[in-house]
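Spelled out from the first residue to the last, the chains are:
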Amino acid sequence: MKTVKVGLGTCGISAGGEKVFRAFQDELKERPNSFVLQETGCIGMCYREVLVEVSNGSGEPYMYGEITPDRVGQMVEEDLIGGKIIEDWLVTGEGREVGFFENQTRIVLRNCGKIDPGSIEEYIERDGYKGLEKALKNMTPEDVIEQVEKSGLRGRGGGGFPTGMKWKFTRGAKGDKKYIICNADEGDPGAFMDRSVLESDPHSVLEGMAIAAYAIGSDESYIYCRAEYPKAIARLRQAIAQAKQKGFLGEKILGSDFNFTIKIKEGAGAFVCGEETALIHSIEGLRGMPRFRPPFPAISGLWEKPTNINNVETFANVPWIITNGGEAYAKYGTEDSKGTKVFAMAGKVKRTGLVEVPMGVTIKEVVFDICGGIIDDNELKAVQMGGPSGGCIPASMCDIPIDYQQINKTGAIMGSGGLIVMDSTTCMVDVARFFLTFTQEESCGKCTFCRIGTKRMLEILVRITMGEGTMADLDNLEELSGQIKNASLCGLGQTAPNPVLTTLKYFREEYVAHIEDKKCPAHECSALLTYTINDKCTGCVVCAKACPTEAITGEKKQLHTVHQDQCIKCGKCYTVCRFDAVEKV
Amino acid sequence: MADNNTQEFKPFNVDLWKYDGKKGALIPLLQSAQDTYGYVSEKAIDYISHVTGIASADIYGVVTFYAQFRTKPLGKNVIKICNGTACHVNGARPIYETIQDELDLTYEETSDDGLFSLLSVACIGCCSLAPVITINDETFGRLTPPKLRKVIRSFKRKAKELAKQESE
């Protein structure tokens, strides 16, 4: 009998995964015992959702993509009962989508899309909780820290601080009560790595936290998770209950003297809470504003007790490191950056989704060899790494290996793993404006330069995109950037100017084109475009009625025209047209 | 939306409403108030202040700090436009302009008839379907202005019919 697994991560559900799952359930009611139905988490191939994996006990499983509820009947009939593979719908197997999985090395994502995230048994079957068992039975806390140090693992949330060293500090801090916090407040727009791990393999994070707690000498912990991730929170609650029942959490874990509990705190929506001191304030029920460091949380954190904070991906690496040894992990990667990194691929790339690669692979290899290149085979212009704290790396520099040091040299940062691909249709000034809008809104307001400086920078960027900028604005942007970086307490302010600085450095000519030629080379800034009407126009007069300046004329059922001298470039005609007849040039 | 002032104020979500004097309970309490009433009313703030001993002003400070909390009720249909990077790059702005044009709403606004609210969210998490919006719990992806107009108009029709039936 064949087994069917439907990918039900958030992206799968958004694409209609639950409807597909229900369709399979209905089929199963009509034809009982004709196949086995299971759910799984994020498979990673977001661009072909809804994904359905079929296995028949022996041989490699294969996967169908873009499955809709009305395809389910045919699939059950022909494949699951008839035994005939429907070639047209396949996404893996010979000659299809070659390279997406083959070129990845999956450590963090080892179970994602493979197991049912609701089943602790399936996790245990794939060596789950072996790392915790090994640590408790055969290792001292110092041994655990030594292995993590040997692995070279660095914080995957963006900062890149060596994890083993962080654990050592917290272990060495004075105090009986120590806390562990898992930072699951993944706030970068365009990043969804942590969510996928929590939804698809929650136990790997719990196990990593338990191992960290043993190493540090903590018995209590919190997972601070975005409230916008309801599915992840539900999965975590379920996983914590299961782990307690099996004795992996709670008191006297696996017969040792080690006690450990995990509580979930739902974040309330503030990007700055990704910063560790702000996050601690938020757990304490206060406004999530950062404070001056030192003292670092390792010395004085939650309720002024020593606290160790790592993010989801960092914890998910830990069980693998303990099971296989730090040296095995350090085999992957470069001198400076060990192991693997997960990236959420989005933007103008053919294959969007989750990708895990060893450090040291070049950006181009990720974009082209794994993700199939740019949509419509356009030219790669830049990639954006590190979200609002990061920067744009131009295509000419995309041959550099992915490594903390190398990425920092470009002015961007590794960040938590959002990787947005841009082509010639993306305006770099607009990208800078987009990220500044975000950081300006999310600035907590504590530091003057961050609060007011980002506002002034945003005003300048808006002016430039409206075609009202001057060359002096560029100098002002640079000057403000320096001041904000130097005079802000936390990472949000210190890195907020990065998107502007990197685009100014690598794409200055685009800023100049906006200012001097009043042109947007990427045709994105609406105030700098010319609107025309093509022959798809049916003469429905909707655009003429919508135009606030009566710049569009034409008879009913005749081709309309835009009078450029009257046009104020508001773009209204473009959004009201139902026939794609209005063009932006 | 029922007028809260005319209702007897009941403590919300009894299960969660067991304040035991532990530190750090404020945000979960506010979350459960919002889950129950759809927003955090002045009465809820006063009530929480009364039970926990935290000053109302401090609670208000926390409410306005976090994006999740609302101090006004939402409309019957909640439209969320994804403004994540992928959606932005793939055209979230024309999507916003189209909705603005159809419903005469800007972000964080509720229409006068209480039928629609418009919110902006950072990332819904289906970047592959960009640009994306959600209306209530339904996701609409790979949108273009004409496609979106059809969706919005069908919701408008449904909402008006429903309102008509209710008034009859």
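Before reading on, note that the structure itself is shown above.
Residues numbered from 1 in each chain as written. Chains lettered and ligands numbered in written order. Predicted model: local features only at pLDDT ≥ 70, side-chain atom pairs only at ≥ 80, totals over all residues. Heavy atoms only, no water.

A. Here's a closer look at a negative patch on the surface. Residue and element names in this part refer to chain B. On the surface, a cluster of negative charge is made up of D104, E109, D112 and D113. Residue placement: D104 occurs in the loop between α5 (92-103) and β2 (109-110). Classification of D104 by relative accessible area gives exposed; the value is 67%. (Patch = residues over 30% accessible without salt bridge, like charges linked within 9 Å, V, L, I, M, F, W, Y side chains within 5 Å. Areas by Shrake-Rupley, 256 points an atom, 1.4 Å probe, with all protein chains shown as cover. Salt bridge = Lys/Arg side-chain N within 4 Å of Asp/Glu carboxyl O. Lys, Arg positive; Asp, Glu negative; His and termini not counted. Charge placed at Lys NZ, Arg CZ, Asp CG, Glu CD. Helix = DSSP H or I, 4+ residues; strand = E, 2+ residues; numbered from the N terminus. Buried < 20%, exposed > 50% of the residue type's maximum accessible area, 1.4 Å probe, protein only.)

B. Region of the structure containing empty space enclosed by the protein. Residues and elements named next belong to chain A. The tally for this structure, following the rule as stated, stands at 4 cavities of 30 Å³ or more. In this structure, the largest cavity encloses a volume near 110 Å³. In terms of lining, the largest cavity is formed by 15 residues, of which the most central are C547, C567, K569, C570 and C573. A class-by-class count of the residues in the lining of the largest cavity yields 11 nonpolar, 2 polar and 2 charged. (1 Å grid on protein atoms, 1.4 Å probe; cavity = no way out; pocket = protein on both sides within 12 Å on 5 of 7 lines; lining within 4 Å. Points joined across faces, edges and corners; volume = space filled by probe spheres on them. Nonpolar A, V, L, I, M, F, W, Y, C, P; charged D, E, K, R; others polar.)

C. Representation of the pairing of strand β12 (residues 391-394) of chain A. Residue and element names in this part refer to chain A. The pairing of strand β11 (residues 380-385) with β12 spans 4 bridges and is antiparallel. When the sheet's bridge partners are listed, Q384 is paired in β12 with C392. Between the end of β11 and the start of β12, which pair antiparallel, lie 5 residues, with G386 showing a positive phi angle near 90°. (Pairing = 2+ DSSP bridges.)

D. Molecular detail of the interface of chain A and chain B. On the chain B side, the residues contacting the 49 residues of chain A number 38 residues. With both sides pooled, the region where chain A packs onto chain B buries about 3,500 Å², and carbon together with sulfur makes up 57% of that total. Among the residues of chain A in contact with chain B, A:A268, A:R287 and A:T575 are the three that bury the most area, contributing 17% of the side total. If you look at where chain A meets chain B, you find 2 salt bridges. A salt bridge links B:R93 to A:D430; the nearest nitrogen and oxygen atoms lie 2.8 Å apart. (Contact = heavy atoms within 4.5 Å. Buried area = accessible area lost by both parts, 1.4 Å probe.)

E. Layout of the environment of A:V197. Residue and element names in this part refer to chain A. Residue placement: V197 occurs in helix α8 (residues 193-200). A C-alpha to C-alpha distance of 9.7 Å links V197 and P117, two positions 80 residues apart in sequence. Among residues more than four places away in sequence, those in contact with V197 are V108, L109, C112, P202, S204, V205, V312 and A316.

F. How the structure looks around a nonpolar patch on the surface. Residue and element names in this part refer to chain A. A contiguous nonpolar surface patch, about 270 Å² in accessible area, is contributed by F161, M165 and F169. Mapped onto the elements of the fold, F169 is located in helix α7 (residues 163-172). F169 gets classed as partly exposed once you look at its relative accessible area, which sits at 44%.

G. View of the packing of aromatic side chains. All names here are of chain A. Counted under the stated rule, the structure contains 19 aromatic pairs over all chains. An angle of 85° between the planes, with centres 5.1 Å apart, marks the rings of F100 and F101 as edge-to-face. For F100, a relative accessible area of 0% corresponds to the buried category. Residue classification places F101 among the partly exposed positions, given a relative accessible area of 26%. Plain terms: the ring middles of F434 and F435 are 5.1 Å apart, the flat faces sit at 65° to each other, and that makes the pair edge-to-face. (Phe/Tyr/Trp six-rings, centres within 6.5 Å; stacked < 30°, edge-to-face > 60°.)

H. Up close: the sheet that holds strand β8 (residues 307-311) of chain A. Residue and element names in this part refer to chain A. The 4 strands are arranged β7-β6-β5-β8 in an open sheet whose pairing can be described as parallel. The outermost strands of the open sheet, each flanked by one partner alone, are β7 (261-266) and β8. Neighbouring strand axes in the sheet, compared pairwise and without regard to direction, differ in orientation by 20° on average. Across 5 bridges, strand β5 (residues 179-184) lies against β8 in parallel orientation. Paired with I180 across the strands is N308, a residue of β8. (Axes fitted to C-alpha atoms, helices over the stretch in contact; angles between N-to-C directions.)

I. Looking closely at the sheet that holds strand β5 (residues 138-140) of chain B. Residues and elements named next belong to chain B. Here we have 5 strands laid out as an open sheet, ordered β2-β3-β1-β4-β5, and mixed in their pairing. In this open sheet, the two edge strands, each paired with only one partner strand, are β2 and β5. Judged from the 2 bridges that link them, β2 and strand β3 (residues 116-121) form a sheet pairing that is antiparallel. Bridge pairing in β3 places E109 opposite L118. Against the sheet, α5 engages β1 (77-82), β3 and β4 (133-135), with an angle of about 155° to β1.

J. Representation of the pattern of salt bridges in the model. Tallying each qualifying case throughout the model produces 39 salt bridges over all chains. For A:K246, the salt bridge is made with A:E121, and the minimal N-O distance between the two is 3.4 Å. In this pair, A:K246 sits in helix α10 (residues 230-246) while A:E121 sits in helix α4 (residues 120-125), placing the two residues 125 residues apart along the sequence. What makes A:K246 partly exposed here is its relative accessible area of 41%. Assessed through its relative accessible area of 44%, A:E121 is described here as partly exposed. The partner of A:R293 in a salt bridge is A:E276, with the nearest N and O atoms 2.9 Å apart. On the criterion of sequence distance, the pair formed by A:R293 in the loop between α11 (276-283) and β8 and A:E276 in helix α11 is long-range, its members being 17 residues apart. Owing to a relative accessible area of 30%, A:R293 belongs among the partly exposed residues under this scheme. In the salt-bridge network here, residues are joined through shared partners; they are A:K572, B:D101, B:E102, B:R149, B:R153 and B:K156.

K. Here's a closer look at the packing of helix α16 (residues 428-442) of chain A against helix α21 (residues 508-517) of chain A. All names here are of chain A. As a packed pair, α16 and α21 sit with axes 8 Å apart at the nearest point and diverge in direction by 95°. Taken together, the axes of α16 and α21 lie roughly perpendicular to each other. Packed against α16, whose contacting residues are M428, V429 and A432, the element α21 presents E510, Y511 and H514 at the interface. Of the residues in the contact of α16 with α21, the class split is 4 nonpolar, 1 polar and 1 charged. (Parallel < 35°, antiparallel > 145°, perpendicular 65-115°, else oblique.)

L. Expanded view of the layout of surface pockets. Residue and element names in this part refer to chain A. One number sums up the size of the second largest pocket: a volume of about 1,200 Å³. Along its surface, the second largest pocket is lined by 45 residues, and G157, G158, G159, G274 and E275 are the ones closest to its centre. For the lining of the second largest pocket, the secondary-structure elements that each account for two or more residues are α7, β5, β8, α15 (404-410) and α19 (491-495). Ranked by residues supplied to the lining of the second largest pocket, first place goes to β8 with 5 residues. Among the residues forming the lining of the second largest pocket, the class breakdown is 13 nonpolar, 22 polar and 10 charged.

M. Region of the structure containing the side chain of A:S416. Residue and element names in this part refer to chain A. Looking at the secondary structure, you find S416 in the loop between α15 and β13 (418-423). On the basis of relative accessible area, S416 is assigned to the buried category, the value being 10%. Excluding residues that lie within four positions of it along the chain, S416 makes contacts with R156, G157, G158, D188, A191, M193, E313, K341 and V342.

N. Fine view of the nonpolar core. Core analysis: the largest hydrophobic core is formed by 80 residues, its most contacted members being A:V144, A:W167, A:V205, A:M209, A:I223 and A:F260. The greatest single-element share of this core, amounting to 10 residues, is contributed by helix α9 (residues 202-216) of chain A. In this view, A:V205 contacts A:C182, A:V197, A:L198, A:V312, A:F315 and A:A316; residues no more than four positions away in its chain are not counted. Core analysis: the second largest hydrophobic core is formed by 38 residues, A:C273, A:I309, A:C450 and B:I59 among them. (Core = buried A, V, L, I, M, F, W, Y, C linked by side-chain atoms within 4.5 Å.)

O. Main features of the packing of helix α5 (residues 130-138) of chain A against helix α12 (residues 312-324) of chain A. Residue and element names in this part refer to chain A. Look at α5 against α12: their axes get within 8 Å of each other, and the N-to-C directions meet at 55°. The angle between the axes of α5 and α12 places the two elements in the oblique class. For the pair α5 and α12, the sense of crossing is left-handed. Here K130, G131, K134 and A135 of α5 lie close against α12, whose contacting residues are P319, I322 and T323. (Left-handed = near helix turned anticlockwise from the far one by under 90°.)

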